[in-house]
Every structure is written in C-alpha cells, then in structure tokens.
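Structural characterization, general
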Amino acid sequence: MAETLANATQILEPFRGIKKVTIEENFTSGHRTCQGCESALVMKLMVKAAGPRTIVLGSTGCMYVANTTYYTTPWVVPWMHTQLGSSGSAALGTAAGLKALMRKGKMKAEPINVIAFCGDGGGADMGVGAISATLTHKEYNSLILLYDNESYANTDIQLSGMTPYGAHTTFSPPGKAKRIIHTRWKKNMAGMMAAGHPECRYVATVCASYAVEMMNKVRRALTIGGPTFIHSLDPCPKGWDYDPMLSHELGELAIETGLFPLYEVEDGVLKYYGKTKSLVEGRARKPVREYLLKQGRFAHFIEEDLAYFQAKVDEMWEKWEIPGVIPFRQFDRNKAALEAK
Ligand SMILES: Cc1ncc(C[n+]2csc(CCOP(=O)(O)OP(=O)(O)O)c2C)c(N)n1
Ligand code: SF4
Ligand SMILES: [Mg+2]
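The text that follows walks through the structure, step by step, so that each part is easy to find. Quick caveat: nothing in here was measured; it's all calculated off a predicted structure. (Residues numbered from 1 in each chain as written. Chains lettered and ligands numbered in written order. Predicted model: local features only at pLDDT ≥ 70, side-chain atom pairs only at ≥ 80, totals over all residues. Heavy atoms only, no water.)

Describing the layout of surface pockets
As a volume, the largest pocket reaches approximately 340 Å³. Around the largest pocket, the lining is made up of 22 residues, and of these Lys186, Lys187, Leu259, Phe260 and Met316 lie nearest the centre. When contributions to the lining of the largest pocket are tallied by element, the ones reaching two or more residues are helix H7 (189–196), strand S6 (227–233) and helix H13 (303–318). Of the residues assigned to the lining of the largest pocket, the class counts are 15 nonpolar, 4 polar and 3 charged. (1 Å grid on protein atoms, 1.4 Å probe; cavity = no way out; pocket = protein on both sides within 12 Å on 5 of 7 lines; lining within 4 Å. Points joined across faces, edges and corners; volume = space filled by probe spheres on them. Helix = DSSP H or I, 4+ residues; strand = E, 2+ residues; numbered from the N terminus. Nonpolar A, V, L, I, M, F, W, Y, C, P; charged D, E, K, R; others polar.)

Structure below.
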C-alpha cells in the first residue's frame, strides 16, 4: 500500500479559466527580485499550480539569491537550495528519498510533488547532464522547471548557451571594431529533452504572460508523474534592458513573433497551444524586430542583424522537420543531384 502511494501523483485538474484559480499563495512577499521580474512570477504561478503538498528545490541564481535574503523567504512550502548545476540530482534524490521513507513506513505515504527549478545557466549549461539523467528514471516523480532569463543574471548578466544571437551581455559588449560578439544561436532545450528521453512522459514550453495556460502545464506535468520537464521563457528587465512595465508584452511578443513556440509533448504526441497554435494554423507571425527593438540588449543591431535574426526564425518555421520544435531536415536526393550538376 505504502509502495503504491509512494508512486502515486496528485491529480491536479486544469484550472478552467482565471476565476477558477486557487486564491491560496505558496510564494508570497519577502523576496527582493527586480521590479517586473518574470521569473519571480513564474515561481509564484508554479507553486500556486502545484499546491501546498509540494517540496521545491532551487539551484543557485536569481531565484535563489533574491528569494532567500538572510532571515526572509517568500516560500510557504518547504524549499531547499541546491548547487548551481544540480537541479536534476536534487529532484531525483528528493523523490527517491521520499519514496524510500514512505516504503519503510517512516513517513505517511501520500503523493508529494517534487519540483526542482534551475536557471538557463544552471540548467541548460552546467546542469544539463544531471537533468538528462533524471529524465531517464521513470520510477521517480519530479518536475524540473527551467526558468530561462537568457543569461547568468545573478552574477551580472553573463552570456549563457541560451542567450540570443547578438545580445549585449557583460561577456559580449558590442564595440566599434566588432558589433556582434555573440554569434551562436540559442540552444533548443525543450526539443532536446523531448526528443532524447523516451522515459520522460511530458515536456512543455511555457511563458508567464499566459498565466493560466502556464499553471495548467505545471499541473499536467505533476499529474502525469515520472520525471517531467518544463522550459519557461522569462523576460528580465535588468538583463534585457527595458522598462519593467514591458515584461508581460515582451512575453507575448516572443510567442507572436514565433521566436518561442508554445507546445507540449505528452507520451510522444506533440500539441502546439495558445497563440502558437494559431501561427501553425496560418496566422501571420509578427516581425521579430518588434520584439528585439524594445530591448536595450539589441540596441546596437542594424538592419543587417535584424534581417539575419528574422531569417533564422523563418527557418525554424519553414524548414524544420517539426516547425519550432525539431530542426532536422530530410535529405533531398533530387535537389542534391541538381546542385551537383
Ligand atoms: C559552480 C558554480 N559556479 C559559479 C557560481 C556563481 N553563480 C551564482 S549564480 C550564477 C548565475 C546562474 O545563472 P542562471 O542559472 O541562468 O540563473 P539566473 O541567475 O539567471 O537566475 C553564477 C554563475 C556558483 N554559485 N556555482
Ligand atoms: S536580474 Fe532579471 S531574473 Fe534576476 S531578479 Fe532581476 S529581473 Fe529577475
Ligand atoms: Mg539565467
């Protein structure tokens, strides 16, 4: 019996509209994030969606440092810090520990949500190996949520593998001799996690500008159980250099320009949702310049840079095998033969 309960998950039905969302907060006052910080909103929504029987583990980064200033904390649920690259190990270890304690009768057997969060630096760069390992352990229920503010924000906005092409960071300041220092395209974390981990039953991308949808993805991941993964794109006023009042709008623009597609992959089946679904169904994407030119980190862009960026986004939608998700292309023998002539 204890073993069965230790494997069980909480059944968290989706919120059917904003009025159905629970009033109870599990992340409240007592944090010191910047005004307009979307990652703080993600924390609040994530744990509101999960409910009170939840343990949260947080890797080093803004969501650790600014949230746990000495003697203060906004976390109402149990929360523990973990090392920068170890959100995966912390999730797996905590889930395994709970399961063992319940099996041995040392604690009441009940489904407890385990969520580990990490930033893009901690999750997509340093901790990607541990996350990958956790996603292979189907016998342990945990959700890893990667909050992506596109830099190592806490240590003053250094470049990460998730920083967009050309962005001004403290590691990639534009200069007179060279305008674009950062020339790499951003990693495709959710696509990589979904395609590469057959035991992981649920992967989703979210943006807090669409709060109810975001919370429902968290609820779905926790209900499905096993190791699951969510990637959240979080506008960061300090690192992206914009007026904090624009956070919500920038989140919307990231979706409407097609730069950050919203989708979920459940048991190998891909579903686009929200505004992304209407883009897939033929609605026009907004030009990516509308998103880029609202941010100081792209203020040095000239027309040539904007055109390059737009072309890369167009490629995601027009050339990828699964638009916005999986970048492979089929080898075209006829085209190759023609080109060889
Ligand atoms: C192993 C290790 N290297 C470096 C640091 C210093 N450090 C603390 S927070 C941080 C930035 C983390 O970036 P990210 O994971 O993207 O989170 P963010 O600060 O952006 O929220 C760094 C480099 C550390 N704590 N541990
Ligand atoms: S630097 Fe960015 S992620 Fe960090 S607290 Fe400020 S707005 Fe949030
Ligand atoms: Mg970051």
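Here's the deal with the packing of aromatic side chains
Tallying each qualifying case throughout the model produces 15 aromatic pairs. Each ring, one from Tyr64 and one from Trp79, has its centre 6.0 Å from the other, and the planes form 15°; the classification is stacked. You can see Tyr64 sitting in helix H3 (residues 62–65) and its partner Trp79 sitting in strand S2 (residues 79–82), a full 15 residues away along the chain. Between Phe298 and Phe309, the aromatic rings sit 6.0 Å apart at their centres with planes inclined by 75°, giving edge-to-face as the arrangement. With a gap of 11 residues between them, Phe298 in the loop between helix H12 (289–292) and H13 and Phe309 in helix H13 connect regions that are remote in the sequence. Phe309 carries the same exposure label as Phe298, and that label is buried. Of the aromatic side chains, those joined through ring pairs into one cluster are Phe27, Tyr64, Trp75, Trp79, Phe117 and Tyr147. Lys217 extends its terminal NZ or CZ atom over the ring of Tyr273, reaching a point 3.9 Å from the ring centre. (Phe/Tyr/Trp six-rings, centres within 6.5 Å; stacked < 30°, edge-to-face > 60°. Buried < 20%, exposed > 50% of the residue type's maximum accessible area, 1.4 Å probe, protein only. Lys NZ or Arg CZ within 6 Å of the ring centre and 35° of its normal.)

A word on the site of ligand 1
Ligand 1 sits among 16 residues. The nearest are Gly121, Gly122, Tyr147, Ala153 and Asn154. The separation between an oxygen atom of ligand 1 and a polar side-chain atom of Asn149 is 3.0 Å. Within the backbone of Asn154, an N or O atom sits 2.8 Å from an oxygen atom of ligand 1. Here ligand 1, which alone exposes 580 Å², has 75% of that area covered by the protein. The element contributing the most residues to the shell around ligand 1 is helix H5 (residues 120–126), with 3 residues. (Near = heavy atom within 4 Å. Polar contact = N/O pair within 3.5 Å; in protein donor to acceptor, adjacent residues only side chain to side chain. Areas by Shrake-Rupley, 256 points an atom, 1.4 Å probe, with all protein chains shown as cover.)

Quick word on the site of ligand 2
Within the structure, ligand 2 sits among Thr33, Cys34, Cys37, Cys62, Asn149, Cys236, Pro237 and Lys238. Grouping the amino acids of the shell around ligand 2 by side-chain chemistry returns 5 nonpolar, 2 polar and 1 charged.

Quick notes on the coordination of the magnesium ion (ligand 3)
Coordination sphere of the magnesium ion (ligand 3), protein contribution only: Asp120 (OD), Asn149 (OD1) and Ser151 (O), at 2.0 to 2.1 Å. If you list the donors of the magnesium ion (ligand 3) from N- to C-terminus, the spacing comes out as D-x28-N-x1-S. (Donors = N, O, S within 2.8 Å, 3.2 Å for Na, K, Ca; no water.)

Observations concerning the pattern of salt bridges
Under the counting rule described, the total for this entry stands at 23 salt bridges. Notably, a salt bridge pairs Glu25 with Lys44, separated by 3.4 Å at the nearest N-O pair. Placement of Glu25 in the loop between helix H1 (2–7) and helix H2 (38–50) and of Lys44 in helix H2 is noted, with a sequence separation of 19 residues between them. Here Glu318 and Arg285 are joined by a salt bridge, their closest N and O atoms 3.2 Å apart. Placement of the pair is Glu318 in helix H13 and Arg285 in the loop between helix H11 (274–280) and H12, with a sequence separation of 33 residues. By relative accessible area, Arg285 is classed as partly exposed at 24%. Where salt bridges share partners, they join Asp148, Glu150, Lys186 and Arg297 into one cluster. (Salt bridge = Lys/Arg side-chain N within 4 Å of Asp/Glu carboxyl O.)

Here we look at the packing of H2 against helix H8 (residues 211–224)
Close contact between H2 and H8 brings their axes to 8 Å; oriented N to C, the two are set at 50°. Here H2 lies oblique to H8, going by the angle between them. Handedness of the crossing formed by H2 with H8: right-handed. Contacts from Val42, Leu45, Met46, Lys48, Ala49 and Ala50 of H2 reach H8 at Ala211, Met214, Met215, Val218, Arg219 and Leu222. (Axes fitted to C-alpha atoms, helices over the stretch in contact; angles between N-to-C directions. Parallel < 35°, antiparallel > 145°, perpendicular 65-115°, else oblique. Left-handed = near helix turned anticlockwise from the far one by under 90°. Contact = heavy atoms within 4.5 Å.)

Some remarks on H8
Across its 14 residues, H8 extends 20 Å between first and last C-alpha, which sits within 8% of the 20 Å expected from 1.5 Å per residue. Counting buried positions over the 14 residues of H8 gives 11, a clear majority of the element. Burial in H8 covers these residues: Val212, Met214, Met215, Asn216, Lys217, Val218, Arg219, Ala221, Leu222, Thr223 and Ile224. Each element contacted by the buried residues of H8 is listed here: H2, strand S3 (113–119), strand S4 (142–148), strand S5 (202–206), S6 and strand S7 (263–266). (Expected span 1.5 Å × (residues − 1).)

Quick notes on the pairing of strand S8 (residues 269–272)
Across 4 bridges, the pairing between S7 and S8 is antiparallel. When the sheet's bridge partners are listed, Val265 is paired in S8 with Leu270. Joining the antiparallel neighbours S7 and S8 is a turn of 2 residues, in which Asp267 adopts a positive phi near 50°. (Pairing = 2+ DSSP bridges.)

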